[in-house]
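Residues per chain are reported as follows:
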Amino acid sequence: MRMNEISFGEARPVDGYGPGFFRVGGEVFEGPVLCLPGGVRAWGGLEDAGALVALAGALDVLLIGTGADMAPLPADLRRVLEAADLPLEPMGSPSAARTYNVLLAEGRRVGAALLPV
C-alpha cells in the first residue's frame, strides 16, 4: 500500500476541539470559528450572517457546524444565506470539522463555520 502525506497548502486543518474551543493548524481558538482556505478567524456565531454572506461565490460549499449535534439553522439565517446563493451544509461541528479537512485535502474551495461543542 502506498501512503501519501496530505498537503493542505496554505490552508490549516482542524486538529481538534473540546468544550468551547477548536485547535486549527496547531493554534487554539476560543468560541465560534470560521475556517477558510485563506485563513482562520473568530466568528460571531449564527447571528453573524454578514461574515458568511461575504463568502458567496468564493466557496464550493460552506459547512456550518451547529455544535455537538446537528440542529436546524434559524430560518432567518437560512433565508439570507440561500438568497446569497451560498451552498450550505449544516451538520454537527465534529462532523463539519472532519468533512472540512477531507475537502481541503481534495483541494476543494470549502469553508467551515463552527460553533463550539
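Please read all numbers here as calculations on a predicted model, not as lab measurements.

Asks: Tell me about the pattern of salt bridges, and name the residues and values.
Replies: Applying the stated criterion across every chain, the model contains five salt bridges. Across the pair arginine 108 and aspartate 60 runs a salt bridge whose closest N-O atoms are separated by 3.6 Å. In this pair, arginine 108 sits in the loop between α3 (93-105) and β8 (110-114) while aspartate 60 sits in the loop between α1 (49-53) and β6 (61-65), placing the two residues 48 residues apart along the sequence. By relative accessible area, aspartate 60 is classed as partly exposed at 32%. The salt bridge partner of arginine 109 is aspartate 60, with a shortest N-O separation of 3.3 Å. Of this pair, arginine 109 sits in the loop between α3 and β8 while aspartate 60 is found in the loop between α1 and β6, placing the two residues 49 residues apart along the sequence. Taken together, the shared-partner salt bridges connect Asp60, Arg108 and Arg109 into one network.

Asks: If you had to explain unusual backbone geometry to someone new, which residues and values would you point to?
Replies: Its identity as a non-glycine residue notwithstanding, aspartate 85 has a phi of 55°, on the positive side. Among the structural elements, aspartate 85 can be located in the loop between α2 (75-83) and β7 (88-91).

Asks: Could you give an account of the nonpolar core, with specific residues and numbers?
Replies: Of all hydrophobic cores here, the largest spans 19 residues; its most connected members are Cys35, Leu63, Tyr100 and Leu114. Mapped onto this core, the elements with two or more residues apiece are β2 (21-24), β4 (33-36), β6, α3 and β8. No other element matches α3, which puts five residues into this core. The next biggest cluster of nonpolar side chains, apart from the first, holds 17 residues, and it includes Leu36, Ala51, Leu59 and Leu81.

Asks: I'd like a rundown of the sheet that holds strand β5 (residues 39-42), residues and numbers included.
Replies: A sheet is described by the order of its strands in space; here five strands give the open sequence β5-β4-β8-β6-β7, paired in mixed fashion. Unpaired on one side and paired on the other, β5 and β7 mark the two borders of the sheet. Averaged over all adjacent pairs, the angle separating strand axes in this sheet is 15°, with direction ignored. The strands that α3 touches are β4, β6, β7 and β8; relative to β8, the one it contacts most, it runs at about 160°.

Rules used throughout
- Residues numbered from 1 in each chain as written.
- Predicted model: local features only at pLDDT ≥ 70, side-chain atom pairs only at ≥ 80, totals over all residues.
- Heavy atoms only, no water.
- Salt bridge = Lys/Arg side-chain N within 4 Å of Asp/Glu carboxyl O.
- Helix = DSSP H or I, 4+ residues; strand = E, 2+ residues; numbered from the N terminus.
- Buried < 20%, exposed > 50% of the residue type's maximum accessible area, 1.4 Å probe, protein only.
- Core = buried A, V, L, I, M, F, W, Y, C linked by side-chain atoms within 4.5 Å.
- Pairing = 2+ DSSP bridges.
- Axes fitted to C-alpha atoms, helices over the stretch in contact; angles between N-to-C directions.
- Contact = heavy atoms within 4.5 Å.

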